[in-house]
Amino acid sequence: MQSSVSLTISGLWIERGERDLCKDFSFSAQSGEVVRILGENGAGKSSLLKVIVGVISPLEGKIVYSGEDVTLDRNPLQRDAIYIGHSVGVKNLLTVAENIRCYCPDVSPETLDTVLKQLDLLDHIDALVRTLSAGQLRRVALARLWLTEKTLWLLDEPFASLDVGAIALLEERIQLHVSSGGLVVLTTHQDLRSLSCRDVALLS
Ligand SMILES: Nc1ncnc2c1ncn2[C@@H]1O[C@H](COP(=O)(O)OP(=O)(O)OP(=O)(O)O)[C@@H](O)[C@H]1O
């Protein structure tokens, strides 16, 4: 994991489906922080994360990652980042283990077992992910999050579909990640129990 990172967004303007989102939006964050993007349904929170990771392009604005202008080329940021969106990014025709190995090819069988056990997925290790529940699918994405050693976590509604135990586990892991130099930008409509975040509001 890279030791210290920062993200600065200035003058951002996103247009989606002829709607203006985040007009003249700016924020800055650095290693050690959890930034929670707040806003009503449709305010543009998911769109903002997609812009940061480079899935969609803004109309205007500047994105600087760890001192480097990445507005036109998000590669330096993408190398350090993991983005988990609403659809969690699993391949339906692969098993749980195969899905995780797609992203983490070097994971040892022991480490994989340990993480799947923590997430209560060990009994499903050879199950096709299309046979899993919504919460279990999200747990597969969390296994990926634990195992890929990325500094910048971009998480869109990461607590969705999780039960109380998994929410507590995720809050704990996020806290641990930022304590060891990570940076987390997330969206959630969920009340968080133990996680301290800095709130950044997106006005619609
Ligand atoms: N693929 C798309 N094409 C056109 N417009 C889109 C697309 N995706 C989202 N939008 C529009 O962009 C706006 C912002 O959507 P976005 O998903 O970013 O909001 P959000 O704040 O994450 O909402 P929620 O809290 O409901 O998840 C909405 O008006 C939505 O209709």
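Conventions we followed
Residues numbered from 1 in each chain as written. Predicted model: local features only at pLDDT ≥ 70, side-chain atom pairs only at ≥ 80, totals over all residues. Near = placed C-beta within 6 Å. Helix = DSSP H or I, 4+ residues; strand = E, 2+ residues; numbered from the N terminus. Nonpolar A, V, L, I, M, F, W, Y, C, P; charged D, E, K, R; others polar. Buried ≥ 20, exposed ≤ 12 C-beta atoms within 10 Å, placed from the backbone. Arc of directions from axis to C-beta. Expected span 1.5 Å × (residues − 1). Contact = placed C-beta atoms within 7 Å. Pairing = 2+ DSSP bridges. Axes fitted to C-alpha atoms, helices over the stretch in contact; angles between N-to-C directions.

Going by an unreviewed UniProt entry, the protein carries the name Cytochrome c biogenesis heme-transporting ATPase CcmA and comes from Marinomonas foliarum.

Caption draft 1: Expanded view of the site of the ligand. Around the ligand sit Arg16, Gly17, Arg19, Leu21, Gly39, Asn41, Gly42, Ala43, Gly44, Lys45, Ser46 and Ser47, and those are all the residues in its vicinity. For the shell around the ligand, the secondary-structure elements that each account for two or more residues are β2 (19-30) and α1 (45-53). Looking at which element gives the most residues to the shell around the ligand, the answer is α1, with three residues. Looking at the shell around the ligand residue by residue, the classes come out as two nonpolar, seven polar and three charged.

Caption draft 2: Region of interest: helix α3 (residues 96-103). Looking only at α3, the buried set comprises Val96, Ala97, Asn99 and Ile100. In a view along the axis of α3, the buried residues occupy a sector of 160°, so they form one face of it.

Caption draft 3: Summary view of helix α6 (residues 164-179). Along its 16 residues, α6 runs 23 Å from first to last C-alpha, staying within 8% of the 22 Å computed at 1.5 Å per residue. Where α6 is concerned, the buried positions are Ile167, Leu170, Glu171, Ile174, His177 and Val178. Axial view of α6: buried residues confined to an arc of 125°, hence all on one face. Of the exposed residues in α6, those oriented more than 90 degrees away from the buried face are Gly165, Glu172, Leu176 and Ser179. Packed against the buried residues of α6 are β3 (34-38), α5 (134-147), β7 (152-156) and β8 (183-187). Gly181 occupies a position one or two residues after α6 and carries a positive phi of about 100°.

Caption draft 4: Examining the sheet that holds β8 more closely. Read across the sheet, five strands follow the order β6-β7-β8-β3-β9 without closing on themselves; strand pairing throughout is parallel. Of all the strands in the sheet, the pair left with one neighbour each is β6 (81-84) and β9 (198-201). Adjacent strand axes in the sheet meet at a mean angle of 15°, parallel and antiparallel pairs treated alike. Taken together, the four bridges between β6 and β7 define a ladder with parallel strand orientation. Bridge assignment links Ala81 to a residue of β7, and that residue is Leu152. With respect to the sheet, α6 is in contact with β3, β7 and β8, its orientation differing from that of β8 by roughly 145°.

Caption draft 5: The arrangement of the sheet that holds strand β4 (residues 60-65) in detail. Read from one edge of the open sheet, four strands run β2-β1-β4-β5, paired in antiparallel fashion. Every interior strand has two partners, whereas the edge strands, β2 and β5 (68-69), have only one. Here eight bridges tie strand β1 (residues 6-16) to β2, and the two strands are oriented antiparallel to one another. Looking at the pairing, Glu15 lines up with Asp20 of β2. Along the sheet face, α1 touches β1, β2 and β4 and points at about 120° away from the line of β1.

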